[in-house]
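Structural overview for review
Single-letter residue listing:
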Amino acid sequence: MSQNLPPDVALKVDDLSIVYRTDRGEVKATANVSFALRSGEAMALIGESGSGKTTISLALIRKLPKNALITSGQILYQRNQEVQDVLKLNSRQLREFRWNECAMVFQGAQNAFNPVLKIRKQFEDTAQSHGWRDKAAVRERALSLLQLVRLDPERVYDAYPHELSGGMKQRALLALGVLLSPQVVILDEPTTALDILTQRAIIDVLNDMRRQLDFSIIFISHDLSLAAEMADHVATVYAGEIVELGGVNDVFYQSLHPYTQGLLTSVPTLEHTQDLLQSIPGSPPNLITPPVGCKFHPRCAFADDVCMEDSPPLAVDVGGHLAACWHKDRLIESRKARV
Amino acid sequence: MTDFQLLDAGQDALEQALSPKRKLVPAPVENFYKNYYVRVFAQAILTIWAVLTVTFFLVRQMPGNPIDVLIEQILTQEGISYQEAYDRVAASFNFDPDATLFDQYLDYIRDLLHLDLGTSITSPGTRIIDEIARFLPWTLFAVGSGFLISFVLGVILGMTMAYYRDSALDHAMSLVSSFFTGVPNYIWGLLIIIGPGISWNWFDVGAARGTYDPGLTPGLNAAFIGSAIEHALLPIITYVLATLGSWMLSMKSSTTSVLNDDYVNVAEARGLKDRRIITAYVGRNAMLPLFAQLSISIGFVLGSGVVIEEIFVYWGFGHYLFQAITVRDYTSVQGAVLILSSTFVFSNLFADLTYGLLDPRVRVTGEK
Amino acid sequence: MNSKTPSPPHPLLTLLRLPFTLLFAVFSFINRLRANRAGFIGFLGLLAYFVMTFIMPHFIAFDGEVNLDEIAGPVGSRIQLAVHTDNAELRTFEDLAGKTVGVVDQTGGPSLIAPYADSINIEKYRWTSRRAGPGIRAALIDLANKEIDAMLIFSKSVEQIRADAEDAELQALFAERIVVSNPELGPPHLLGTDTQGRDIATHIVHGGRILILTAVIGGVISTIIALVVGSLSAMIGGAFDAAMTALSNLILAVPRLILLVVLAGLIRFENTLFLGFMIGLLGWPPLMRAIRAQVLSLRERDFVEAARSLGLSTYHIMFREMLPNMISYVMINFIFAITFAMYEQIALLVLGLAPIDDYTWGVMLYFGRSRGTLYNPDGASMALSPVLAIAFFQVCLVLFARALEEIFDPRLRAAV
């Protein structure tokens, strides 16, 4: 392969644009998305529902719906100095790539397991499809992983999915996700639809797994507290674009984009009092005919003529903290004024 | 036990307590009957007994009376007195025609409990069990293979339709499957005879009658087996044509819904091989609802065998039953009904009991 | 519930609007149906069947006239006049005055020419004779040799008889000396004639009405019983449910044929339609099971729960909340019940176990089979015509029902 990546980068997305063809027109689900994921790092994609977070993650394993079309961009994946262009893999290579290199733990693990096969069979299927036929070794690895996600390994391994509770299934799916030691694990809303105790358990398990196994995480969530707790880097996605990208502390405490700022103030925290809690006015834009200029301008308190005409570039501020906004200064000032 | 296992156990208990299907522990007295297997088996036996009873009294209400027919025959043939003829006929039956209907019924049940199906009325001395043993295998062979072929074909074609849904192939196959379902099975039989059989002369309709060529000894020799298959071919084709369409459509709709399930999506993301996904993930789950239909269809197809076998002059069980009905041979009809009803009831029971093997979700309590 | 319910319109206004509403509903339904091509074909087919079996009988008389001369004629058969090439001008019965005309038994010729017996010399040929072989061939040889002047020929065209001639000499003889001067002496039989020389096409037109009515009666009765028993079983539960489930199992387990034969014998039929009642009374269990399951699952749904928590009556819940949710399902199964009733009815007729007072397609099939026309390529029309009439009717019903299924079932429709 001709591409060269810095040795510590596991995944690099360049200028990725995806449209969905529908009866009403082309939905521009993702526009010119670029980011890089270093190995061992956890990155959170945050944003409202329908902002295109899931589309980005599905594109990484090329699991997009049939009506999706990738109009531009490339996705490079590197492991052991070997670079693969994910979008150019043939179907056999793609099958090998999935789960071996990049596993995805889907939203709603409730139905992620085939109801008629034992958990054991589903671990073995996964291993066998990637050329690992030694069932005893699979079992040993699976049991240790199930132990790691704090399940009763023997019992769960020989259980049918319906014999497990929702939280147990989610953890079993996490174990299955790292069975083949992938370098990247995508977690799509890993805690949604679980009760608060189970959510806590999942977060602890994830932290444990990251300590013991070496993999990068991309996780998608609208749960900002989860992002704050788990991520090293955070990318804010709005209307199919990454509008802010930076270290977790930079983004959450020194936000440079009014949308991220809006998301943060719409979450109740212990420190903030009720009157400071506000929701972002308006609703996400129609992605068939998105607004001209900055896509956020119809909902933005700082918007002016510039915002309506030109779309702001994702420009570096300090320390690798990027944001696409014309009025970062005014945002910082207003924050200072509020505190 | 870690705190998480404790948490899991607590959740399990909670879910069990909240689940509406979970019943309280049965009282010890009821334990035996509450046992799922005992209960369904008792119900099956009860149903068969009810069918037998209904049949016993119903067949005797059929217009026409075999005893009078037989007495009439002997009178005209041998010119003896009515009383003599009557005595002879009465002696040749395994029941007393003078006894009340209810006594006859008790006799019948008593014999049945000794596994004795009695002898035929119109051809005295012929044991019904022998007759059934003579005719039933042919029907089981023809219906069974027709059923198997059509089920397998239907599952494959139905899955194909679901994978290519809304394509021209799907539309064409839908139309064909409607055609197969719509045309009644005996009409298929007649069409086969009129078209390829008579008009185009592809095969000799007359030679295809019966169950095997005369002069062959039944047994495990190639000539006999070949001939048996040849003779069963037309009924088999008819059963396949008549049942294929509904299997195709059922399989299509159930595959379509399974394809939208998360676990199929996840299986693809797991990088499983396509063949594994199609068989163990899509196929196996999509076939579950079809097994529930299977048992009911078996009963239906066995019952419809009468018309098919009459049309092709295939000497199977349906032919036997039809003959018995036309000559009002009560005991033979009863014997045949016993077999048909038991087949229906037990195939249902079998399907219920084995469903758990296919779907682990119903295995725990043995209840759906 | 919405607190701002619109005030109901004036009753008279509703009444006036009703025809338009109905018309609109019918139009929009047909429009949706047109999107589903197979269903639309089925719908048009059913309309055509309706016209054929319910309207056309008023204009086309049933051919009940037994004409043993014209037995088992093939499709399109009619009487033709064959003459010697030299006599090609002979075309009508009037032209034949004083001539000698050959007719062959069992071909329709004798009865056709009988009215002219005074003016025409009739030479009768047997259908077959030991001396001359096939009568038609004997007559044709005589005609070629000018021993007779003309000949009436039924069912087979002269061309075909020429082709059937064994040797080339005979073929040449027929080809050179015989022409068909008038191909249209008798009425054509579109679908041929049956074993009694009656026109099959008129029988097809007349033979569907009772059959279809019987099937519809069977379908209506079994659907109503299934609906009532099924929903009551699910709503009441307990002993009633158990009893009804047991009864349905019993009916399913007794071979249908026996039940129908016995009932058919027990209750003397005044009327074929009665068979429909019988079939309906025995046909409900499968649909009853399905409806019972549906009601049980509907009962657990949110909107029914909501209605119940609002304190609405069981009656209201059943007829206002649940029935609208099942109506399409019931409609579709009603159509399938009709196909099933048709199936059983004709099976009984074919086996000769049902009364054959009305001359329906089923009875035609029975006679066609029992009189062996099935095995006679020329006469196959007697069995084949009702076979096709029944087959296409059933296919139309199934296509229509499946189209309804797709239109009403959002799961099937929305599947991407």
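Residues numbered from 1 in each chain as written. Chains lettered and ligands numbered in written order. Predicted model: local features only at pLDDT ≥ 70, side-chain atom pairs only at ≥ 80, totals over all residues. Heavy atoms only, no water.

1. Some remarks on the overall build of chain A
Basically, it comes down to this: Counting from the N terminus, the helices are the DSSP runs of H or I reaching at least four residues and the strands are the DSSP runs of E reaching at least two. Based on C-alpha atoms, the radius of gyration is set beside the globule rule, defined as 2.2 Å times the residue count to the power 0.38. Only protein chains enter the accessibility calculation, which uses a 1.4 Å probe; a residue whose area is less than 20% of its type maximum is buried, one above 50% is exposed, and one in between is partly exposed. Residue contacts are defined here by distance: any two heavy atoms, one from each residue, within 4.5 Å place the two residues in contact. The Shrake-Rupley method, run with a 1.4 Å probe, gives the accessible areas here. Residue values count only the displayed protein chains as cover. A positive count includes Lys and Arg, and a negative count includes Asp and Glu. His and the chain ends are not counted in either. Here the site of a charge means atom NZ of a Lys, CZ of an Arg, CG of an Asp or CD of a Glu.
Of the regular secondary structure elements, chain A holds 12 helices and 12 strands. Expected size for 339 residues packed as a compact globule is a radius of gyration near 20 Å; at 21 Å, chain A falls within 12% of this value. Taking the principal axes of the C-alpha coordinates as reference, chain A spans close to 65 × 50 × 45 Å. Taken across its 339 residues, chain A has 56% of its residues classed as buried. By sequence separation, contacts in chain A at least 24 residues apart represent 66% of the contacts at least 6 residues apart. For chain A, the computed accessible surface area is about 14700 Å², with 50% contributed by carbon and sulfur atoms. Separation between the mean location of the 35 positive side-chain charges and that of the 40 negative ones in chain A comes to 7 Å.

2. A word on the pairing of strand E6 (residues 102-105) of chain A
All names here are of chain A. The cut-off we apply is this: Only strands that DSSP links by at least two bridges are regarded as paired with each other.
Burial of E6 is two-sided: the residues Cys102 and Met104 facing one way and the residues Ala103 and Val105 facing the other way are all buried. Alignment of E6 against strand E7 (residues 184-188), held across 4 bridges, turns out to be parallel. Bridge assignment links Ala103 to a residue of E7, and that residue is Val185.

3. A few points about helix H6 (residues 101-113) of chain B
Count 3.6 residues to each turn of an α-helix, and residues three or four apart come out pointing the same way. Residue and element names in this part refer to chain B. Filter applied, for reference: Multiply 1.5 Å by the residue count of a helix minus one, and that product is the helix's expected span. It is the directions from the helix axis to the C-beta atoms that the arc portrays.
Spanning 13 residues, H6 covers 18 Å between terminal C-alpha atoms, matching the ideal 18 Å at 1.5 Å per step. Residues Gln104, Tyr105, Tyr108, Ile109 and Leu112 constitute the buried set of H6. One face of H6 carries all of its buried residues, which in axial projection span an arc of 135 degrees. Contacts made by the buried residues of H6 are with helix H3 (36-59) and helix H14 (330-358). Immediately beyond the C-terminal end of H6, within one or two residues, lies Leu115, with a positive phi of roughly 60 degrees.

4. Considering the sheet that holds E6(A)
All names here are of chain A. The cut-off we apply is this: The convention used is that axes are lines fitted to C-alpha atoms, helices contributing only their stretch in contact, and that angles between N-to-C directions extend from 0 to 180 degrees.
Sheet architecture is open: 8 strands sit in the order E6-E7-E8-E3-E9-E10-E12-E11, paired in mixed fashion. A single partner strand is all that each edge strand has here, and the edge strands are E6 and strand E11 (315-316). Examined bridge by bridge, strand E3 (residues 42-46) and strand E9 (residues 233-238) share 4 bridges and lie parallel to one another. When the bridges of E9 are listed, Ile46 appears paired with Thr236. Across the sheet, helix H1 (residues 53-60) lies against E3, E6, E7, strand E8 (216-221) and E9, angled at about 150 degrees from E8, the strand it touches most.

5. With respect to the interface of chain C and chain B
Stated precisely, the cut-off is as follows: Two parts placed together each lose some accessible area; with a 1.4 Å probe, that loss summed over both constitutes the buried area. Salt bridge, as used here: a side-chain nitrogen of Lys or Arg that lies within 4 Å of a carboxyl oxygen of Asp or Glu. Each polar contact in these results corresponds to two N or O atoms within 3.5 Å; when the atoms are within protein, one needs to be able to donate a hydrogen and the other to accept it, and residues that are neighboring in sequence are counted only if both atoms are side-chain atoms.
Across the boundary between the two partners, chain C contributes 48 residues, which contact 52 residues of chain B. Across the interface of chain C and chain B, roughly 4100 Å² is buried in total on both sides, 79% from carbon and sulfur atoms. Its largest share of buried area at the contact with chain B, chain C owes to Tyr343(C), Tyr375(C) and Arg402(C), together 16% of the area lost on that side. On inspection of chain C and its partner chain B, the count reaches 0 salt bridges. Summed over the shared surface of chain C and chain B, the number is 7 residue pairs in polar contact (both at pLDDT 80 or more). Counting residues per element, the ones that place at least two in the side of chain C that touches chain B are helix H9 (238-253), helix H10 (256-266), helix H14 (314-350), helix H15 (361-370), helix H16 (381-408) and helix H17 (410-414) of chain C. With 13 residues, H16(C) is the single largest residue contributor to the side of chain C that touches chain B.

6. Re the pattern of salt bridges
Residue and element names in this part refer to chain A. Inspection of every chain in the model, using the stated rule, returns 26 salt bridges over all chains. Residue Arg150 pairs with Asp208 through a salt bridge whose shortest N-O separation is 2.8 Å. Of the two residues, Arg150 sits in the loop between helix H4 (135-148) and helix H5 (153-157) while Asp208 sits in helix H7 (residues 196-212), which places them 58 residues apart along the sequence. A network of salt bridges, in which partner residues are shared, links Lys121, Glu124 and Lys135.

7. Points about the confidence of the model for chain C
All names here are of chain C. Rules: As a per-residue measure, pLDDT reflects the predictor's confidence and takes values from 0 up to 100.
Taken residue by residue, chain C gives an average pLDDT of 79. The fraction at 70 or more is 86%. A low-confidence stretch, residues 412-416 stays under pLDDT 50, and its non-local contacts, those more than four residues away or across chains, total 11 contacts. For this predicted complex, the interface confidence reaches an ipTM of 0.84, while the overall pTM sits at 0.79.

8. Concerning the interface of chain B and chain A
Size of an interface: often given as the accessible area lost when the parts come together. The interface is formed by 29 residues belonging to chain B together with 36 residues belonging to chain A. Both faces combined, the contact of chain B with chain A buries some 3000 Å², and carbon together with sulfur accounts for 55% of it. Put simply, chain B and chain A have 2 salt bridges between them. A salt bridge links Lys63(A) to Glu268(B), with the nearest nitrogen and oxygen atoms 2.8 Å apart. Remark: the boundary between chain B and chain A carries 13 residue pairs in polar contact (both at pLDDT 80 or more).

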